[in-house]
Amino acid sequence: PNIKTPDPVADDLERDVAANASVVYTTYCRACHQSNGLGDGSRFPPIAESEWVSGDKTRLINVILNGLTGPITVKGVSYNEAMPAHGSFLNDEQVAEVLTYIRQNFGNNSGPITPEEVAEVRKQGGK
C-alpha cells in the first residue's frame with residue numbers, strides 16, 4: 001500500500017508464469033507448488049523439472065485423482081505432506097488439461113495427457 005509508483009516489471013509477482021497459464025493450476029495447485037512450480041522448498045515438492053511430472057503418466061494421474069500421503073522423494077529431497085485428492089471435483093478434461101500444462105511448462109518437456117487416459121485411470125479407481 002505504500003508503493004506510489006509501482007514498477008511494472010519488478011513489482012509483477014506473476015512475471016514467471018506462462019502467458020497461457022492454466023486456470024486449473026492457478027486455482028488448485030499454485031498455492032502449494034507456487035507460480036514457478038518450485039514448491040515451497042520444505043513442505044510441498046517442486047513440479048518444475050520433476051521426475052514425478054515427466055515420469056509415469058498413470059502414477060501422475062492417480063496423484064491428482066486420489067491424492068497422495070506418506071513420504072516421497074522428488075529430485076533427491078524427501079517430502080511427507082498430504083496431497084489432497086482432486087478427482088471428486090475435477091472432470092477428466094480438467095485433469096488432462098492441468099497435467100498436460102505442468103508436463104509442458106516449468107522446465108518439463110513431456111507429452112500430453114488425454115481425457116481418455118484420465119478416464120481409464122479413474123475407471124480403474126486404483127492407486
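Note that the structure is a prediction, hence the values are computed from the model and not measured.

Engineer: Sorry, what's going on with the pattern of salt bridges here?
Structural biologist: Where charged atoms from two side chains of opposite charge come close, those side chains can pair. Following the criterion strictly, the structure yields 4 salt bridges and no others. Across the salt bridge formed by glutamate 120 and lysine 123, the nearest N and O atoms sit 3.5 Å from each other. Within this pair, glutamate 120 and its partner lysine 123 are both found in helix H5 (residues 115-124), separated by 3 residues, close to a single helical turn. Assessed through its relative accessible area of 36%, glutamate 120 is described here as partly exposed.

Engineer: Looking at this structure, I do not really get the nonpolar core. What am I missing?
Structural biologist: Note on soluble globular proteins: their nonpolar side chains tend to be buried together. Formed by 27 residues in total, the largest nonpolar core has its most connected members in Tyr25, Leu99 and Ile102. Considering each element in turn, this core owes the most residues, 6 residues, to helix H4 (residues 92-103). Apart from residues lying up to four places away in sequence, isoleucine 102 is in contact with Tyr25, Ile47, Val53 and Asn108.

Definitions and cut-offs
Residues numbered from 1 in each chain as written. Predicted model: local features only at pLDDT ≥ 70, side-chain atom pairs only at ≥ 80, totals over all residues. Heavy atoms only, no water. Salt bridge = Lys/Arg side-chain N within 4 Å of Asp/Glu carboxyl O. Helix = DSSP H or I, 4+ residues; strand = E, 2+ residues; numbered from the N terminus. Buried < 20%, exposed > 50% of the residue type's maximum accessible area, 1.4 Å probe, protein only. Core = buried A, V, L, I, M, F, W, Y, C linked by side-chain atoms within 4.5 Å. Contact = heavy atoms within 4.5 Å.

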